[in-house]
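# Coordinates in review
One letter stands for each residue in the lines below.
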Amino acid sequence: MGWKVRERASPIDGKNKMISKSIIQCPECGFKKEEVMPEDSCQYFYECTNCKTRIKAKHGDCCVFCSYGSVKCPSKQNENKELKGGKDV
């Protein structure tokens, strides 16, 4: 008998799964890159791979993905889902 490993749901697509990737755009040079977001912490700094600028989250945002990403971070996705009564956002 073998054990089956279940994939952990990650930030939220239409089926209660989290969206784990975001396209982050450098505010200095405009370069865009798809990155995998950490699921268990907020990433406050990010270095642009094009211009090497160290990007910091905007005031009031928990991380660079919430400030400059195409998708909010996993913790914000969970928070928004909880605010909606468990429904997908």
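Keep in mind that what you see is a predicted model, and the values were worked out from it rather than measured.

Conventions used here
Residues numbered from 1 in each chain as written. Predicted model: local features only at pLDDT ≥ 70, side-chain atom pairs only at ≥ 80, totals over all residues. Heavy atoms only, no water. Salt bridge = Lys/Arg side-chain N within 4 Å of Asp/Glu carboxyl O. Helix = DSSP H or I, 4+ residues; strand = E, 2+ residues; numbered from the N terminus. Disulfide = S-S within 2.5 Å. Buried < 20%, exposed > 50% of the residue type's maximum accessible area, 1.4 Å probe, protein only. Arc of directions from axis to C-beta. pLDDT = per-residue confidence, 0-100. Contact = heavy atoms within 4.5 Å. 1 Å grid on protein atoms, 1.4 Å probe; cavity = no way out; pocket = protein on both sides within 12 Å on 5 of 7 lines; lining within 4 Å. Points joined across faces, edges and corners; volume = space filled by probe spheres on them. Nonpolar A, V, L, I, M, F, W, Y, C, P; charged D, E, K, R; others polar.

Now for the pattern of salt bridges. According to the stated counting rule, one finds 2 salt bridges in the structure shown. With a shortest N-O distance of 3.6 Å, Glu35 and Lys33 are connected by a salt bridge. For Glu79, the salt bridge identified is with Lys76, shortest N-O distance 3.4 Å. Pair noted here: Glu79 and Lys76 are both in helix α2 (residues 74-83), with a separation of 3 residues, about one helical turn.

This next bit is on the state of the cysteines. In the structure shown here, the tally under the stated rule is 0 disulfides. With no disulfide of its own, Cys48 has Cys29 as its nearest cysteine by sulfur position, at a separation of 3.8 Å. Of the cysteine sulfurs around Cys51, a residue in no disulfide, the closest is that of Cys26, at 3.8 Å. Judged by its relative accessible area of 31%, Cys51 falls in the partly exposed class.

Let's shift gears to α2. Every buried residue of α2 is listed here: Pro74, Gln77 and Lys81. Looking straight down α2, one finds that the buried residues subtend no more than 60° of arc, so they occupy a single side. Those residues of α2 that are exposed and aimed more than 90 degrees away from the buried face are Glu82 and Leu83.

Further remarks concern the confidence of the model for the protein chain. When the pLDDT values of the protein chain are averaged, the result is 82; 75% of them are 70 or greater. Taken together, the stretch residues 1-13 has pLDDT below 50 and engages in 28 contacts with residues farther than four places along the chain or on a different chain.

Further remarks concern empty space enclosed by the protein. The tally for this structure, following the rule as stated, stands at 1 cavity of 30 Å³ or more. Of the voids in this model, the largest cavity is the one considered here, and its volume is about 40 Å³. Taken together, Ile24, Gln25, Cys26, Phe31, Lys33, Tyr46, Cys48, Thr49 and Ile55 form the lining of the largest cavity. Classifying every residue of the lining of the largest cavity by side-chain character gives 6 nonpolar, 2 polar and 1 charged.

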